[in-house]
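# Structural overview for review
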Amino acid sequence: MKVAGHVMKNLVRRNRKFALVLELEPLYQCNLACAGCGKIQHPDEVLQRRLSVQQCVDAVEECDAPIVSIAGGEPLVHREIDQIAKELVKRKRFVYLCTNAILMERKLDLFEPSPYFAWMVHIDGMRERHDQVVERDGVFDKAVAAIREAKRRGFRVCTNTTFFEPDGPKQIRAILDYLNDEVGVDQMQISPGYAYEKAPDQEHFLGVERTREIFREAFAGGKRRQWRLNHSPLFLDFLEGKVDFACTAWGIPSYSIFGWQRPCYLLSDGGYAKSYRELLDETPWEQYGRGRNPKCANCMAHCGYEPTAVVATVTSLRQSLRAGLEMMQPHAPAD
């Protein structure tokens, strides 16, 4: 409801470009070196840099996004990460702290459960597949243990799963069933992988047709309605190829140690802006998106297309009712 109100407020003011979620990257350093990641392939002097608590707060207030996804790198490596989260929660922003969970159990005491705070744990498949993706044995078990402990302490816990070419409908169903029914996470976020230019592995990113094919099969039989997915129904339709949208990357802007990334969280082709207003006004948006830029040709990531789907939902009575009904479906987390 808060997001819907934010959308309507901006539309009434005739603001066509506005932020729904801020991808906040207070550092690029990580304690893993995943082959599909394009955020840690920087020199050591860059990986040592950090955003301050005040810089993070200022960025959130500047773009006025109601939701903040704290990413990286690994945010829990940041010594002031608990203070960053605390200050944003104090301002009643919905904070999702993304983590690979290696440090999560050790850091839980630094955080307090809140309706405005959620852990977002990266789980990229069942045990063998996940450990293969992150290139370290034992990470899957450590992440699941951290999720269970956080749930026991009263935290809201979500997961984020990225799918690559080796993943098919069977694998998607397996991990979502496991997280939904056995682990009992509150919500799950999913996305086809995007081909970061700096990622060491460039061979296993999904193309558009393959993405639609595997999600259509994975969602068959009403399966997607059985999972607690953290997406609008229209975005899930988009993954299946039932609808198509234009990319509105300004809806989920990215702020990092370099500034406001152009054009989006996944692509720094246009460099960095010094302010959110500069990002909006001086980025040549017409040059980005599928059909406009070869680098965007196979992208179906949520950071570009979920904002489009959310605005389409809020501005349609039929889609708003549909989204509301799906949200109210009785699928309680497992104990």
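Scroll up to find the structure.
A brief structural summary. From a predicted model like this one, the values you see are computed outputs, not experimental measurements.

Turning our eyes to something else, we now look at the nonpolar core. Ranked by size, the top nonpolar core spans 100 residues in total, and within it Leu24 and Trp119 carry the most contacts. Contact partners of Trp119, with chain neighbours within four places excluded, come to Leu76, Leu97, Thr99, Met104, Leu108, Phe111, Ala150, Phe155, Arg156, Val157 and Cys158.

Where helix α10 (residues 233–240) meets helix α13 (residues 317–327), the axes come as close as 9 Å, and the angle between the chain directions of the two elements is 95°. Between α10 and α13, the angle is such that the two are roughly perpendicular. Counted together, Pro233, Leu234 and Asp237 of α10 and Gln319, Arg322, Ala323 and Glu326 of α13 form the full contact between these two elements. Considering only residue class, the contact of α10 with α13 consists of three nonpolar, one polar and three charged.

Between α10 and helix α12 (residues 302–314), the least distance of the axes is 8 Å, while the angle of their chain directions is 130°. The pairing of α10 with α12 is recorded here as oblique in orientation. Considering the relative orientation of α10 and α12, their crossing is right-handed. Note on element contacts: α12 touches α10 through His302, Tyr305, Glu306, Ala309, Ala312 and Thr313, opposite Leu234, Phe235 and Phe238. Classifying every residue of the contact of α10 with α12 by side-chain character gives six nonpolar, two polar and one charged.

The next thing to look at is the layout of surface pockets. The computed volume of the second largest pocket comes to approximately 370 Å³. Taken together, 26 residues line the second largest pocket, and the ones lying closest to its centre are Cys247, Thr248, Trp285, Tyr288 and Gly289. Taken together, the residues that form the lining of the second largest pocket break down as 16 nonpolar, four polar and six charged.

For α12, spanning 13 residues, the distance from its first C-alpha to its last is 17 Å, which sits close to the expected 18 Å at 1.5 Å a residue. With eleven of 13 residues buried, α12 is to be regarded as a mostly interior element. Residues His302, Cys303, Gly304, Tyr305, Glu306, Pro307, Thr308, Ala309, Val310, Thr313 and Val314 constitute the buried set of α12. Where α12 is buried, its residues meet α1 (2–12), β1 (21–24), β6 (187–192), α10 and α13.

With that out of the way, let us pick up the pattern of salt bridges. Summed over the entire model, instances satisfying the criterion amount to 23 salt bridges. Across the pair Glu149 and Arg153 runs a salt bridge whose closest N-O atoms are separated by 2.8 Å. Arg322 is the salt-bridge partner of Asp237, the closest N and O atoms lying 2.8 Å from each other. Here Asp237 is found in helix α10, whereas its partner Arg322 is found in helix α13, with 85 residues between them in sequence. Judged by relative accessible area, Asp237 falls into the buried class, the value being 6%. Residue Arg322 is classed as partly exposed on the basis of its relative accessible area of 25%. One network of salt bridges, in which partners are shared, links Arg224, Asp237, Glu240, Lys242 and Arg322.

Right, let's talk about the sheet that holds β1 for a bit. Pairing is mixed in the open sheet, where nine strands are placed in the order β6-β5-β4-β3-β2-β1-β7-β8-β9. Only two strands of the sheet have a single partner each, and these edge strands are β6 and β9 (272–273). As defined by bridge partners, strand β2 (residues 67–70) adjoins strand β3 (residues 94–99) across four bridges and the pair is classed as parallel. From the neighbouring strand, Val68 faces β3, where its bridge partner is Val95. Strands β4 (117–122) and β5 (156–163) of the sheet are contacted by helix α7 (residues 139–152), whose axis makes an angle of about 155° with β5.

This part covers the state of the cysteines. With the rule as written, the count across this model stands at zero disulfides. In this structure Cys296 is not part of a disulfide, and its nearest cysteine sulfur, from Cys299, lies 6.6 Å away. Here Cys296 falls in the buried class, since its relative accessible area comes to 10%. Cys303 provides the cysteine sulfur closest to Cys299, a residue in no disulfide bond, and the two sulfurs are 5.7 Å apart.

Cut-off values and rules
- Residues numbered from 1 in each chain as written.
- Predicted model: local features only at pLDDT ≥ 70, side-chain atom pairs only at ≥ 80, totals over all residues.
- Heavy atoms only, no water.
- Core = buried A, V, L, I, M, F, W, Y, C linked by side-chain atoms within 4.5 Å.
- Buried < 20%, exposed > 50% of the residue type's maximum accessible area, 1.4 Å probe, protein only.
- Contact = heavy atoms within 4.5 Å.
- Axes fitted to C-alpha atoms, helices over the stretch in contact; angles between N-to-C directions.
- Helix = DSSP H or I, 4+ residues; strand = E, 2+ residues; numbered from the N terminus.
- Parallel < 35°, antiparallel > 145°, perpendicular 65-115°, else oblique.
- Nonpolar A, V, L, I, M, F, W, Y, C, P; charged D, E, K, R; others polar.
- Left-handed = near helix turned anticlockwise from the far one by under 90°.
- 1 Å grid on protein atoms, 1.4 Å probe; cavity = no way out; pocket = protein on both sides within 12 Å on 5 of 7 lines; lining within 4 Å.
- Points joined across faces, edges and corners; volume = space filled by probe spheres on them.
- Expected span 1.5 Å × (residues − 1).
- Salt bridge = Lys/Arg side-chain N within 4 Å of Asp/Glu carboxyl O.
- Pairing = 2+ DSSP bridges.
- Disulfide = S-S within 2.5 Å.

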